[in-house]
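Overview (structure and organization)
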Amino acid sequence: MLKATLRSFLAHKGRLLLSALAVILSVAFVAGSLIFSDTVTRTFDRLFASTSADVTVSPRDDLTSQIPSGATATVPASLADRVAGIDGVATTHGDVSVENITVVDSENESVGPTTGAPTIATDWFVTDRSPVKLTSGHAPEGAGQALLDADTAKNKHVRIGDTLTVLARPGSFKARVVGIATFTTTNPGAALVYLDAPTARSKLLGRAGVVTSIAVTAEPGVSDDALKRRIAAELGTDKYELQTAGEEAESAAEELGGFLDVIKYVMLGFAGIAVLVGVFLIVNTFSMLIAQRTRELGLLRALGADRRQVRRSVLTEATLLGLVGSTLGLAAGIGLAAGLIELMGVFGMNLKSTEMVIGWATPVSAYVVGVGVTFLAAYLPARRAAHVSPMAALADAEIAGVGRPLRTRAIVGGVVGVAGAAALVGCVTATDTSSAASLLGLGVVLTLVATVIAGPLLVRPVIRVLGGAFPALFGSVGRMSQRNALRNPRRTGATAAALMVGLALVGGMSVASASMSKSFDQQIDKTLGADFVVQNSNFLPFPQEITDKVRATDGAGLVVRQRFTPVAVRLPDGKRVETTAAAYEPRLDEVAHITYARGDTAAALADGHIGMDAEFAEDHGVRVGGTVPVEFPGGRTTELEVAALTAQESAEGFGVQGGLYFGFGTIEKYVPDGQDSALYVNARAGTDADGLRAGLERTLDPYPQVQVRDLADYKKLIHDQIAVLLYLVYALLGLAIVIAVLGVVNTLALSVVERTREIGLLRAIGLARRQLRRMIRLESVVIAVFGAVLGLALGLVWGLCVQQVLALQGMTALAIPWSTIVAVVVGSAVVGIVAALLPALRASRMNVLAAIAHE
């Protein structure tokens, strides 16, 4: 049996090749993501461990926010002298390092990275742990001098002697480049600007007596943990955060982990799609191979092989396929990881392919995925093979299972489908977001499974409709192509399922993204009343200098500032909620349209008052006139009176829980170093909008980090952000289509082999080669469109349910992108034509007599 299995595998290696490609793709994405993330993690672990001080003393700040306030937390510079007197301390140094800056060249072009990495300005202080070394020029020796890292200088064509403008929170200043510093470790992609210590404190922090952290070096023989305990005993831990080199490296790695997780999960998403679609391809391939080998398997049974041996033979072939695919996929994954590492170099993160990390988990995961998926996918066909009767060796037909009833599929698919539909109905009727999202996930999985199971039941009614015009358009060739697609519903359903999965995903996400865009458009139309918004491209805060220049712009009338800050509120129900609060200047009503359930804008922005979303207040037992304790960064606390409740549709739809806001008097008192995040600008009476825009753009030309946007620009910004998610979905769709095309090609190729005698007879009675190719192409098209129709129908249902979940967050608009749906259906027909090219060509080149004589 082993010899027979190996010979069978080698005899059908061509037919198994396309299935192996699905395994290779899925394993490559899994292995590539693991290798890439392990390499980046190991590289940065070494970077952080080698450059961190033995102990770092920094301000304690337990509040974090995705929307920064622009304030820089500091500690007194004198703290370095106090720490220096602690037993076991060798040296101390007050570091200055800020990220909320922009650096531009003489042409007002930003010299910072464009990949989301920060531009960091810091003081020049050389130790044996410095991540850079001076390679040309000299160190900064006073105000007006700076060093720049070599990678940024090269990428932005900056040379020694060039003058840069640094836009910092206290104000902008000029600095001439006097030296270039080169990274001695991995360049994380940031741009580094070095100033001398006095200049860094005065120009970056605005005052001389503070620093951002204290770097402490231990004396020989004193461990980092022991030194940390001694410093904690002296300083306490209520105001200061103490981290050893290992803890700081771990903390930095966790922050980096968010970036790595995005890449890892995206790649694993591709791997998941490849696995899911590949399963259908493998099941179909083995089912057809077994159907074609019915007489062969029957002969084995007649010669004494029992059912267990036959089943084991088929599973052994699947295991061999999985081993080959996993090995090739692992090699492809290594290549994919190397490509990602090179791609990171383009974005400024200089990793080395020679330091690629391939941990033991990578090959294990690769073979578990490749072999496991192939084995499981082949299990049902293997069981079917084990039931082949010895009498099948005497039968003329090689096609097994064509006419078997679909009652079991109907029952199982119906039960699962009802459960999935019930979950989706529960999602639509739920009033809690988390419950609705959970039911949505369950409903998506169950309805997908039900559609796959019951797909063959839909083949005959749907394809009769889709191919109904074929006989009239293409005559007998069209009729035969339609009947060929109807001949084996199981095969047609499994072939179409691969395409269905990808199109269901893109259909659902297209509806969700279109609904989100429309909801945001409606919300912006309802709330934004300003002529223009001055804002950073990534919503980061900007210096007061920009605000002053905007106010002084000719034609600018009312200017209302907006700031953000992280806060924690203790609510009447006992919960402590960390969120982001906004602060506004008076006259907010003139640049924004706010709907109130209680109170008004003037009350909410008064000193000592706060406003919030009415639904949030109701959920937590907050009443107008009551007070809530509010904690600000740096440990500052106060109690604010609830003076207004808003009834905005999207209070939480923009990612700010609770919709908390108050006046500028409050934020300047408790977050005095914050920066503006947006300016809402109205034209002065007698100034048209176009004239004001031109003036604002001239004013802001030296400040590339901010842009002027009107209503249409603001909508486009939101659309572009939503489109990023949609592009990822389209990429997943592209992968699913590639594998689905492989599936259709495989099915048609095997079908041509299966129908060799039939094709020979058709050719003998007068069917032309062109007609034969058309027949196979039409069969492929109708199968592909069938998969598209099922996928889009399922995707539309999912999209409608996703929109209902979004509605719970205030995004109530529903939009169905009909143009996308029509394009997908047309594209599916094209996919069918492309997939049929090779099988049709092969069929048309068959020798007629040899085909008639085929067994």
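Residues numbered from 1 in each chain as written. Predicted model: local features only at pLDDT ≥ 70, side-chain atom pairs only at ≥ 80, totals over all residues. Heavy atoms only, no water.

**What to know about the packing of helix H11 (residues 407-429) against helix H22 (residues 769-807)**
Under the convention used in this document: All axes here are fitted lines through C-alpha atoms, helices being fitted over the stretch that makes contact, and every angle between N-to-C directions spans 0 to 180 degrees. Helix numbering and strand numbering both begin at the N terminus, where a helix is a DSSP run of H or I of at least 4 residues and a strand a DSSP run of E of at least 2. An angle below 35 degrees is treated as roughly parallel, one above 145 as roughly antiparallel, one from 65 to 115 as roughly perpendicular, and anything else as oblique. For any helix crossing, the convention is left-handed if the near helix is rotated counterclockwise from the far helix by under a right angle, and right-handed if that rotation is clockwise. Pairs of residues are marked as contacts when any of their non-hydrogen atoms sit within 4.5 Å.
Following both chains from N to C, one finds H11 and H22 inclined at 30 degrees, their axes separated by 8 Å at the closest point. Here H11 is positioned roughly parallel relative to H22, judged by the angle of their axes. Remark: the crossing between H11 and H22 carries left-handed chirality. Taken together, the residues of H22 that come into contact with H11 (itself represented by Leu424, Cys427 and Val428) are Val797, Trp798, Cys801, Gln804 and Val805.

**Regarding the environment of Ile341**
Its place among the elements puts Ile341 in helix H9 (residues 307-346). A C-alpha to C-alpha distance of 36 Å links Ile341 and Pro543, two positions 202 residues apart in sequence.

**Overview of the environment of Pro170**
Tracing the sequence through the fold places Pro170 in the loop between strand E9 (163-168) and strand E10 (171-183). Spatially, the C-alpha atoms of Pro170 and Lys203 are 6.5 Å apart, while their sequence positions differ by 33 residues. Residues contacting Pro170, with those up to four places away along its chain left out, are Ser202, Lys203, Leu204, Leu205 and Gly206.

**Re the sheet that holds strand E13 (residues 213-218)**
Just so we agree on the cut-off: Only strands that DSSP links by at least two bridges are regarded as paired with each other.
The strand order across the open sheet built from four strands is E3-E13-E1-E14, with neighbouring strands paired in antiparallel fashion. Looking along the sheet, the strands with just one partner apiece sit at the ends: strand E3 (89-95) and strand E14 (240-244). The sheet shows a mean angle of 20 degrees between the axes of neighbouring strands, taken without regard to direction. Sheet topology places strand E1 (residues 55-59) next to E13; three bridges connect them, and they run antiparallel. Its bridge partner being in E13, Val55 is matched across the sheet by Val216. Docked against the sheet, helix H6 (residues 224-235) engages E1, E3, E13 and E14, running at close to 170 degrees with respect to E14.

**Notes on H11**
What sets the pattern is the α-helix's 3.6 residues per turn: residues three or four places apart point alike. Test applied: One fewer than the residue count of a helix, multiplied by 1.5 Å, yields its expected span. Burial classes follow relative accessibility: with a 1.4 Å probe on protein chains only, a residue under 20% of its type's maximum area counts as buried, one over 50% as exposed, and anything between as partly exposed.
Compared with an ideal rise of 1.5 Å per residue, which puts 23 residues at 33 Å, H11 spans 33 Å between its outermost C-alpha atoms and is within 8% of the ideal. The complete set of buried residues in H11 reads Gly413, Val416, Gly420, Ala423, Leu424, Gly426 and Cys427.

**Description of the pairing of E10**
Where strand E7 (residues 132-137) and E10 come together, five bridges link them in antiparallel fashion. In the sheet register, Leu134 faces E10, and the bridge partner there is Ala181. Looking at chain direction, strand E8 (residues 145-149) and E10 are connected through five bridges and run parallel. For Gln145, the partnering residue across the bridge sits in E10 and is Arg176. Sheet analysis places E9 next to E10, joined by six bridges and oriented antiparallel. Paired with Leu167 across the bridge in E10 is Ser172. What sits between the antiparallel neighbours E9 and E10 is a turn of two residues.

**Here's the deal with empty space enclosed by the protein**
Threshold: Space inside and on the surface of the protein is sampled on a 1 Å grid over the protein atoms alone, with a cavity defined as a set of points where a 1.4 Å probe fits but cannot get out and a pocket as an open set with protein on both sides within 12 Å along at least 5 of 7 lines; lining residues have an atom within 4 Å of a point. Grid points are joined across faces, edges and corners, and a volume is the space filled by probe spheres set on the points. Three classes are used, and their members are as follows: Ala, Val, Leu, Ile, Met, Phe, Trp, Tyr, Cys and Pro are nonpolar, Asp, Glu, Lys and Arg are charged, and the others, Gly among them, are polar.
On inspection of all chains with the given rule, the structure shows five cavities of 30 Å³ or more. Its boundaries defined by the atoms lining it, the largest cavity holds a volume of some 100 Å³. Lining of the largest cavity is provided by 14 residues; of these, Asn484, Arg491, Thr492, Ser751 and Glu779 occupy positions nearest its centre. Residue assignment for the lining of the largest cavity shows that the elements contributing at least two residues are helix H13 (470-487), helix H14 (489-527), helix H20 (711-754) and H22. At four residues, the largest contribution of residues to the lining of the largest cavity is made by H20. Tallied by class, the residues present in the lining of the largest cavity amount to three nonpolar, six polar and five charged. Taken as a whole, the second largest cavity encloses approximately 60 Å³ of empty space. Residue lining of the second largest cavity: 12 residues in total, with Phe280, Leu281, Asn284, Gly743 and Thr747 positioned closest to the centre.

**Considerations on the nonpolar core**
Cut-off, in case you're wondering: For this analysis, a nonpolar core means a set of buried residues of the types Ala, Val, Leu, Ile, Met, Phe, Trp, Tyr and Cys, connected via side-chain atoms within 4.5 Å.
Of all hydrophobic cores here, the largest spans 90 residues; its most connected members are Phe36, Phe286, Leu351, Ile463, Leu503, Leu735 and Ile739. Not counting chain neighbours up to four residues away, the residues in contact with Ile463 comprise Leu458, Gly468, Gln482, Ala485, Leu486, Thr492, Val782 and Phe786. Residues Leu79, Val111, Ile214 and Leu235 belong to the second largest nonpolar core, which totals 43 residues.

**Details of a nonpolar patch on the surface**
Formally: The patches described consist of residues with a relative accessible area above 30% and no salt bridge, like charges being joined within 9 Å and nonpolar side chains (Val, Leu, Ile, Met, Phe, Trp, Tyr) within 5 Å. All accessibility values rest on the Shrake-Rupley procedure with a 1.4 Å probe; residue burial counts only the protein chains present in the view. Definition used for salt bridges: Asp or Glu carboxyl oxygen within 4 Å of a side-chain nitrogen of Lys or Arg.
On the surface, Val822, Val826, Val830, Ile833, Val834 and Leu837 cluster together into a nonpolar patch covering about 510 Å² of accessible area. Along the chain, Val834 turns up in helix H23 (residues 818-844).

**As for the pairing of strand E21 (residues 637-646)**
Most of E21 sits out of view: seven of its 10 residues are buried. The pairing of strand E19 (residues 609-613) with E21 spans five bridges and is classified as parallel. Of the residues in E21, the one forming a bridge with Asp613 is Thr646. Both strand E20 (residues 627-631) and E21 contribute to a ladder of five bridges, which runs antiparallel. Its bridge partner being in E21, Pro629 is matched across the sheet by Glu639. Once E20 ends, the chain turns through five residues before running back antiparallel as E21, passing Gly634 with a positive phi of about 80 degrees.

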